[in-house]
Amino acid sequence: VQRPSEPDGRVRFLSDDERDRLLAACQASTNPWLYLAVVLALSTGMRKSELMNLRWSAVDLQNGKITLLLTKNGSIRVVPLAGPALTLLKEHAKVRRIDTDLLFPGRYRRRASVTSPDAPREWHPIDLRGVWETALQQAEIENFRWHDLRHSTASYLAMNGASLAEIAEVLGHKTLAMVRRYSHLSEAHTAKVVESMTRKIFG
């Protein structure tokens, strides 16, 4: 039986105008953490589960990095922090909760396996689905999911000259197969690289 070829996968990323509208809507949101979460997602390419379960113990503000110990592919990944993402996170750290290590705590409840009223409770990440959908509507952005923020990061990297290997490193992919969908966005950079090489060789 011949194995069918895998689809190229969805590539939906924010245009410059869409990004500006979405960030403005997030800043105006009733939830003060939505803007920070979206900026972090766009700046780092972190998955939603990685971001929502992020703990302060994994954040190194002094050196501008986040160390993810539990990732989807099972390997440790270091995520660089720079620009507005780092600035906003430093501000967020000034008002961090002392009763939980989560960056975005929601509510705490008893563990499912424990029924005793005196049993310890655990914090769960905040659920941003409602305010996220509201921000999308206010920004008039259609056909866009939270995971597409990750696609946006990869697309911006490709359009700014990052190689497929570099994009894979940022996103935490072990192979280049998952990032080949962004190769067409880096064609201009590839052409410049080849032009530069031939100029040096042939003068």
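Residues numbered from 1 in each chain as written. Predicted model: local features only at pLDDT ≥ 70, side-chain atom pairs only at ≥ 80, totals over all residues. Heavy atoms only, no water.

A. Representation of a nonpolar patch on the surface in the model. Side chains of V194, M197, I201 and F202 sit close together on the surface and give an oily, nonpolar patch of about 440 Å² of accessible area. When you line up the elements, F202 lands in helix 8 (residues 187-202). (Patch = residues over 30% accessible without salt bridge, like charges linked within 9 Å, V, L, I, M, F, W, Y side chains within 5 Å. Areas by Shrake-Rupley, 256 points an atom, 1.4 Å probe, with all protein chains shown as cover. Salt bridge = Lys/Arg side-chain N within 4 Å of Asp/Glu carboxyl O. Helix = DSSP H or I, 4+ residues; strand = E, 2+ residues; numbered from the N terminus.)

B. Broad picture of the nonpolar core. If you look at the biggest cluster of nonpolar residues, it comprises 42 residues, and the most contacted ones within it are L51, W146 and L149. Elements with a contribution of two residues or more to this core: helix 1 (16-27), helix 2 (34-44), helix 3 (48-52), strand 2 (65-68), helix 4 (83-93), helix 5 (129-138) and helix 6 (148-159). With residues near it in sequence (within four places) discarded, L149 still touches L14, L22, V38, A41, L42, W132 and F144. Core analysis: the next-biggest nonpolar cluster, separate from the first, contains ten residues, A158, L164, I167 and Y182 among them. (Core = buried A, V, L, I, M, F, W, Y, C linked by side-chain atoms within 4.5 Å. Buried < 20%, exposed > 50% of the residue type's maximum accessible area, 1.4 Å probe, protein only. Contact = heavy atoms within 4.5 Å.)

C. The arrangement of the environment of L88 in detail. Within the secondary structure, L88 is located in helix 4. In this structure L88 touches Y35, L36 and V39, once residues within four positions along its chain are discounted.

D. Local environment of the pattern of salt bridges. The full count for this structure, using the stated rule, is nine salt bridges. D16 is the salt-bridge partner of R19, the closest N and O atoms lying 3.1 Å from each other. With R19 and D16 both in helix 1, this residue pair falls three residues apart, about one helical turn. With relative accessibility at 21%, the residue R19 sits in the partly exposed group. We classify D16 as exposed; its relative accessible area is 52%. In this structure, R96 engages D101 in a salt bridge whose closest nitrogen and oxygen atoms are separated by 3.4 Å.

E. The packing of aromatic side chains, seen in detail. For the structure on display, the rule yields four aromatic pairs. With a centroid separation of 6.2 Å and an interplanar angle of 45 degrees, the aromatic rings of W132 and F144 are classed as tilted. Highlighted residues: W132 in helix 5 and F144 in the loop between helix 5 and helix 6, separated in sequence by twelve residues. Summarising the burial analysis for this pair, W132 and F144 share the class buried. Judged by centre distance (4.8 Å) and plane angle (65 degrees), the ring pair of W132 and W146 falls under edge-to-face. With W132 in helix 5 and W146 in the loop between helix 5 and helix 6, the pair connects residues that are 14 residues apart, well separated along the chain. Given the relative accessible area of 4%, W132 is considered buried. The exposure class assigned to W146 is buried, which follows from its relative accessible area of 8%. Grouped by ring-pair contacts, the aromatic residues W132, F144 and W146 constitute a single cluster. Positioned above the aromatic ring of Y156 is the side chain of R19, whose terminal nitrogen or guanidinium carbon lies 5.1 Å from the ring centre. The ring of W146 has K48 lying over it, and the distance from NZ or CZ to the ring centre is 5.6 Å. (Phe/Tyr/Trp six-rings, centres within 6.5 Å; stacked < 30°, edge-to-face > 60°. Lys NZ or Arg CZ within 6 Å of the ring centre and 35° of its normal.)

F. Layout of the environment of D20. Inspection of the secondary structure puts D20 in helix 1. Taking C-alpha positions, D20 is 8.8 Å from A139, a pair spaced 119 residues apart along the chain.

G. Summary view of the packing of helix 1 against helix 2. At their nearest, the axes of helix 1 and helix 2 sit 7 Å apart, and the two run at 145 degrees to each other. The chirality of how helix 1 crosses helix 2 is left-handed. Touching R19, L23, C26 and Q27 of helix 1 are L34, Y35, V38, V39 and L42, all from helix 2. Among the residues forming the contact of helix 1 with helix 2, the class breakdown is seven nonpolar, one polar and one charged. (Axes fitted to C-alpha atoms, helices over the stretch in contact; angles between N-to-C directions. Left-handed = near helix turned anticlockwise from the far one by under 90°. Nonpolar A, V, L, I, M, F, W, Y, C, P; charged D, E, K, R; others polar.)

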